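# Descriptive analysis of the structure
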Number of protein chains: 4
Amino acid sequence: MIVAMSEKATEEQIQHVIERMMDLGFNVHKTTGAIQTVLAGVGMPVAFDVKDFEVMDGVAEAVRITSPYKLAGRKFRPEGTVITFPNGVTVGGDKVVVMAGPCSVESREQIFTVAMQVKDAGAQFLRGGAFKPRSSPYSFQGMGLDGLKLLREVGDETGLLIISEVMEISQIEAMLPYVDVLQIGARNMQNFNLLREIGQVRKPTMLKRGMCATIEELLLSAEYILSGGNYELMLCERGIRTFETYTRNTMDISAIPVVKTLSHLPMIADPSHGVGRRDKVPAMARASVAAGCDGLIIEVHPNPEKATSDGAQSLYPEQFTKLMGQLRMIAPAVERSIA
Amino acid sequence: MIVAMSEKATEEQIQHVIERMMDLGFNVHKTTGAIQTVLAGVGMPVAFDVKDFEVMDGVAEAVRITSPYKLAGRKFRPEGTVITFPNGVTVGGDKVVVMAGPCSVESREQIFTVAMQVKDAGAQFLRGGAFKPRSSPYSFQGMGLDGLKLLREVGDETGLLIISEVMEISQIEAMLPYVDVLQIGARNMQNFNLLREIGQVRKPTMLKRGMCATIEELLLSAEYILSGGNYELMLCERGIRTFETYTRNTMDISAIPVVKTLSHLPMIADPSHGVGRRDKVPAMARASVAAGCDGLIIEVHPNPEKATSDGAQSLYPEQFTKLMGQLRMIAPAVERSIA
Amino acid sequence: MIVAMSEKATEEQIQHVIERMMDLGFNVHKTTGAIQTVLAGVGMPVAFDVKDFEVMDGVAEAVRITSPYKLAGRKFRPEGTVITFPNGVTVGGDKVVVMAGPCSVESREQIFTVAMQVKDAGAQFLRGGAFKPRSSPYSFQGMGLDGLKLLREVGDETGLLIISEVMEISQIEAMLPYVDVLQIGARNMQNFNLLREIGQVRKPTMLKRGMCATIEELLLSAEYILSGGNYELMLCERGIRTFETYTRNTMDISAIPVVKTLSHLPMIADPSHGVGRRDKVPAMARASVAAGCDGLIIEVHPNPEKATSDGAQSLYPEQFTKLMGQLRMIAPAVERSIA
Amino acid sequence: MIVAMSEKATEEQIQHVIERMMDLGFNVHKTTGAIQTVLAGVGMPVAFDVKDFEVMDGVAEAVRITSPYKLAGRKFRPEGTVITFPNGVTVGGDKVVVMAGPCSVESREQIFTVAMQVKDAGAQFLRGGAFKPRSSPYSFQGMGLDGLKLLREVGDETGLLIISEVMEISQIEAMLPYVDVLQIGARNMQNFNLLREIGQVRKPTMLKRGMCATIEELLLSAEYILSGGNYELMLCERGIRTFETYTRNTMDISAIPVVKTLSHLPMIADPSHGVGRRDKVPAMARASVAAGCDGLIIEVHPNPEKATSDGAQSLYPEQFTKLMGQLRMIAPAVERSIA
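Bear in mind that the values here come from a model prediction, so they are computed numbers and not experimental data.

### Quick notes on the overall build of chain A
A count of helices and strands for chain A gives 11 helices and 15 strands. Considered along the principal axes of its C-alpha atoms, chain A spans approximately 75 × 45 × 40 Å. The buried share among the 339 residues of chain A stands at 62%. Pairs at least 24 residues apart make up 65% of the contacts formed inside chain A by residues separated by at least 6 positions.

### Concerning the interface of chain A and chain D
At the junction of the two partners, chain A supplies 33 residues and chain D supplies 33 residues. Elements that contribute at least two residues to the side of chain A that touches chain D include exactly helix 8 (255-262), helix 10 (281-291) and helix 11 (317-330) of chain A. With seven residues, helix 10 of chain A is the single largest residue contributor to the side of chain A that touches chain D. Partitioned by chemical class, the residues of the side of chain A that touches chain D number 21 nonpolar, eight polar and four charged.

### Remarks on unusual backbone geometry
The phi dihedral of A:E335 is positive, around 60°, even though this residue is not glycine. Among the secondary structure elements, A:E335 is positioned in the loop between helix 11 and strand 15 (337-338). Of the residues examined, A:E335 has 9 C-beta atoms within 10 Å and is grouped as exposed. Non-glycine residue D:D310 carries a positive phi angle of around 55°. Among the structural elements, D:D310 can be located in the loop between strand 14 (295-299) and helix 11 (317-330). Judged by local crowding, D:D310 falls into the buried class, with 23 C-beta atoms found within 10 Å.

### Focus: the pairing of strand 11 (residues 205-208) of chain D
Residue and element names in this part refer to chain D. Burial along strand 11 is two-sided: the face carrying T205 and L207 and the face carrying M206 and K208 are both buried. Note: strand 10 (residues 181-184) against strand 11, three bridges, orientation parallel. Within strand 11, the position partnered with I184 by the bridge is L207. Taken together, strand 10, helix 6 (residues 192-200) and strand 11 form a β-α-β motif whose crossover is right-handed. Summarising the sheet, strand 11 and strand 12 (residues 233-237) pair through four bridges and their orientation is parallel. Following the sheet pairing, K208 is matched in strand 12 by C236.

### Some thoughts on the relation of the copies chain C and chain B
A rotation about an axis combined with a shift along that same axis relates the two copies of the chain. Least-squares fitting of chain C to chain B yields an RMSD of 0.0 Å, with the superposition described by an axial translation of 0.0 Å and a rotation of 180°. Taken together, the rotation and translation describe the operation of a two-fold axis. Residue C:A287 of chain C places its C-alpha closer to the rotation axis than any other residue of that unit, at 2.0 Å. When the interface residues of chain C are mapped onto chain B, 97% of them again lie at the interface, so the same face is used by both copies.

### Considering the relation of the copies chain A and chain D
In the superposition of chain A on chain D (RMSD 0.0 Å, axial shift 0.0 Å), the rotation amounts to 180°. A shared interface surface links the copies, since 100% of the contact residues of chain A are contact residues in chain D too.

### So, the sheet that holds strand 3 (residues 37-42) of chain B
Residue and element names in this part refer to chain B. The strand order 2-3-1-4 describes an open sheet built from four strands, whose pairing is antiparallel. On the outer flanks of this sheet lie strand 2 (27-32) and strand 4 (59-63), each paired with one strand and no other. Averaged over all pairs of adjacent strands, the angle between strand axes in this sheet comes to 15°, irrespective of strand direction. Where strand 1 (residues 2-5) meets strand 4, four bridges bridge the pair, whose relative direction is antiparallel. If you follow I2 over to strand 4, its bridge partner there is V63. Of the strands in this sheet, strand 1, strand 2, strand 3 and strand 4 are in contact with helix 1 (residues 11-23), which crosses strand 3 at around 10°.

### Brief notes about the confidence of the model for chain A
Of all residues in chain A, 99% have pLDDT values of 70 or greater, and the mean over the chain is 93. Confidence estimates for the predicted assembly give a pTM of 0.94 and an ipTM of 0.93.

### Some words on the interface of chain C and chain B
The partner chain B presents 32 residues to the 33 residues of chain C that form the contact. Going through the elements one at a time, helix 8 (255-262), helix 10 (281-291) and helix 11 (317-330) of chain C are the ones with two or more residues in the side of chain C that touches chain B. Of all the elements, helix 10 of chain C adds the most residues to the side of chain C that touches chain B, at seven residues. Grouping the constituent residues of the side of chain C that touches chain B by class yields 21 nonpolar, eight polar and four charged.

### Things to note about the environment of B:A47
The residue B:A47 is located in the loop between strand 3 and helix 2 (50-54) in this model. Exposure remark for B:A47: the 12 C-beta atoms within 10 Å place this residue in the exposed category. Counting along the chain gives 30 residues from B:A47 to B:V17, while the straight-line C-alpha distance between them is 17 Å. Setting aside its immediate chain neighbours within four residues, B:A47 contacts A:S136, A:Y138 and A:S139.

Basis of the calculations
Residues numbered from 1 in each chain as written. Chains lettered and ligands numbered in written order. Predicted model: local features only at pLDDT ≥ 70, side-chain atom pairs only at ≥ 80, totals over all residues. Helix = DSSP H or I, 4+ residues; strand = E, 2+ residues; numbered from the N terminus. Buried ≥ 20, exposed ≤ 12 C-beta atoms within 10 Å, placed from the backbone. Contact = placed C-beta atoms within 7 Å. Nonpolar A, V, L, I, M, F, W, Y, C, P; charged D, E, K, R; others polar. Pairing = 2+ DSSP bridges. Right-handed = clockwise from strand over helix to strand, strands pointing away. Least-squares fit on C-alpha atoms with pLDDT ≥ 70 in both. Axes fitted to C-alpha atoms, helices over the stretch in contact; angles between N-to-C directions. pLDDT = per-residue confidence, 0-100.

Here it is as structure tokens:
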């Protein structure tokens, strides 16, 4: 941490700041300039709040210079994390993986139909929600356990890996036998109790960025999971909230290369939530691959107009197939291939 | 719902939209203009997604014209909700209530000291966190049950009502004996499972606006709680996330009069989180009362520099006392008084 | 400026950064810690871009620690700027001034009518647009010079000071005889050529914050005007753009106390543009005074429904009169009075 | 326009709204439902403000259903605008054009060096600022006319087309002989006087999206230029302002396909300003082509560390050359080629 004192800071104020820094475990180096004094705190304290220093008397500015996360940082694993599934599929390696399927599991027929469609087009994972976070209490809330069972059944039959969202601590145990990847949704990115519990299980997990979370906050939430010992973690950009209203969210494509620089964790892109409109999903999926994502998660529904949720952003199966062809052309430009 | 068809919409496309609207339970009135056709869906379907219509072929625009919440809406209780506590304190009536205390309960001495200080200055509620949501896993996470017991003890001794945050479903039962108001934090505003459970208890609750939640989403989350039968609910503005970085958040003071128009629920203001800097908290507290809030929740600490959390935004007790004097001068301008 | 080198920075990279800092005129102090090296640049270079350092090899973080503006900073005039008008009205002193009037000058009858109404209620300034910035080329663009003449005439007759917006360099000369305060609108806050020209005139000026400008950028734009020698400058908060759509903008009330801390310039609040809805303007005007603004600028129209622009946010004269009464009750809480 | 009356609206209020709609030139169709009345205004008034209706007594919601721009809309030229330059280069056709060069023209040697470098790599346009908008009055403000002369000279010698920013009405005439494309910067997107003047000239123009402008506002600003008769217009996405601070702006890649749907105008992408960090520019450039842009404008400097402005986001020439190779691989996926 660096604390720049204001021009008029008294010696007493400076000493007071130095003491507080030392209390936290910093070694403090003091630079006295013609205009102001600068205090450099050297050392590794992780949990402190620079805001506490900013409001102290005589302080002009306080700045954290070490990242507040450790396990999530790139230097913890400079070579990058690669998650390997029992069937040999890897996430974070040379191949860009594709996860596809409906927003919600609605029926046996629906999920089997779409599973075959996305598999034929080249997906390796089937997505499908059994527990659904809905902003209105009057909306469809998911099939629950019955949905999970259908997912497992179709996964076993097709060889597709299953990814589904966990919303609540009490659901974790119930879900483990049925899914290959636990998904933590954007609204739960800072549900710290849930994150801590997920850190205790040994199941690959995908953590989505909250719609108003900074990249740093995403990595701090990842740190909760990693610090529990669950290292098979991937992150996901799914759009942030901005003033623009034409799209449901503004997909922050730049988060893809930024996360790849700051962290060793695989970075997935969700263009469906990112724009929220079916007609713009393919463009954002292509952009994500061109920007270097490790995978895509895309909503596909056999009959989007009749979907119980997120129909507006679900691709028709034939759109998805066409998109996969385009992605195969783009991937080599970033020295990747579509699995 | 109104669906405006594009100029080139075919009769077939129009019919298709009409059918989908009727499927949802709307009666559809069709207006054919020289340029375009407009479909007005009349009726009361609550749970539908206008986005589904926006992406349909031939549709220019689709707009919801009824609010997606019912129980939270002003017309459900035009006279406004007043919550009355056993000791006679009311929230939502003529008096503006003040809740004050530290971010976290840290020790018996700390909480008893600050309780007396805020009580003397005129607060009716003592705030204090026992379970703390922290963005870093390495930060202080709260005293837990021991903290709750201290809160109850000091509440019984001073007559102050106790408000404390619940983060997790499993904590609800444990907290009920110790607190007078359950607080749901900003990061849990869309933790729908938690909201639903809180709807089942009979305990006054304060729901904070998420830092990137619209006012409509806040009211939808309130609807989750109300629809469970828990009507003793108050809302809270605590700052939203914007591009401005000087303040921790941007406190949306306008949300106060807007919520008072749209809903019957009492509206509390949290200037501490709203700006995140002690030196600006009094200005925002005064502004909130001037804008018509029903109450304030303010962080006060006997020694902010040594606080385990949120020290930068905690007032010194003497600042709080001075502020209370200013608030007493402002309240009459909005035909209120400070309790 | 502080530059924190990364853990793995080579000695060569460190030397390279030091040289670049010295090129800019910094004296560089180097602190070598166990983990990383920190370089403190001491001195007063004003115009440099920390981003240039952030992307250099071996740099972990670069932070500016001196403010990029000088003349606009509080320490340039610690006692605060007070602007005194020929008729004795002051802005920035003990009294909170009120500027009121229609968005646009529409006719002699309109402007004389509203001038008398706002004067009777206690305003000292009459606002009225002659040149109007409109987002659509098909909207009313203002009466131009004829409008300015009407403003001057009504100003002379009523004793009200006149404030009106200048949109373009070529309008400056033409406006000088007619107005007492030149207003620079939010959309021109970073029209640097215009700012520079305004710096050359000797006429009190009000600079509005751009709708996505940070407070620092507002002060940098003020610096353009001050550095030309025009010191009779006031600033104005008028709402920033956020994700919330219920209000036209989100009025950043916290900018009022923040600007008062960072700068010596008077700070005006514009609640009309801040919320954009007549029914919420009074609440925001009250909040602004409670937060410590030096003045208010409020749209009032004798017949808002027929206004050529901004009718939705214009108060009826009787609303304005009622509001003035409330403001007179609030001002003493911040040791001010309404003029 | 659709106006939904509230449940309790009186017949008088409804009539009043109908009259105001008819005043504007709408034909009004009234739908009376069991719960509320809906008024559909049919016709083509362009300049009105729905906010005026939202605040009227008895109104629940008012919604514009026709776009507020005409000439900028896709249906004005369904086939899309293609701008053809004298040397045969086209913008908006099958080829994706690339504009490259330094932020500012700094010297003859600098501009000739970089011109050859970007030409060799495949650029068709040379960018370079002669008049620079800088947020600080103390920063380098550009070489002015001398810079323009150098640009023309290097353009004539290399065959590169020249694009440079116009900041002020008085500069237009001076610039016309020297540039092939006039650029209007983000900060001037709503400088309506400038837009109107640019509408009068016959010179291809590129209008950049303001950093907090919605896509609709961008198209309305385009309408100012088009309505003056200047149809050789292209638009440019260059990043919007959000809460994320790691990148200078958040590049809204989704604006590319959205503008292509809503408008017939070519859409250029500026990844340099979009992210503001050299190391992330290539990823965003690739993403833009994958999302369907008609061109790129990229900052390249022979020695970015010594650049007088925007050095942090300028590519080294060899990075640019490598990027061009990647773009050539991606373009075919969207049925385009890099010129």
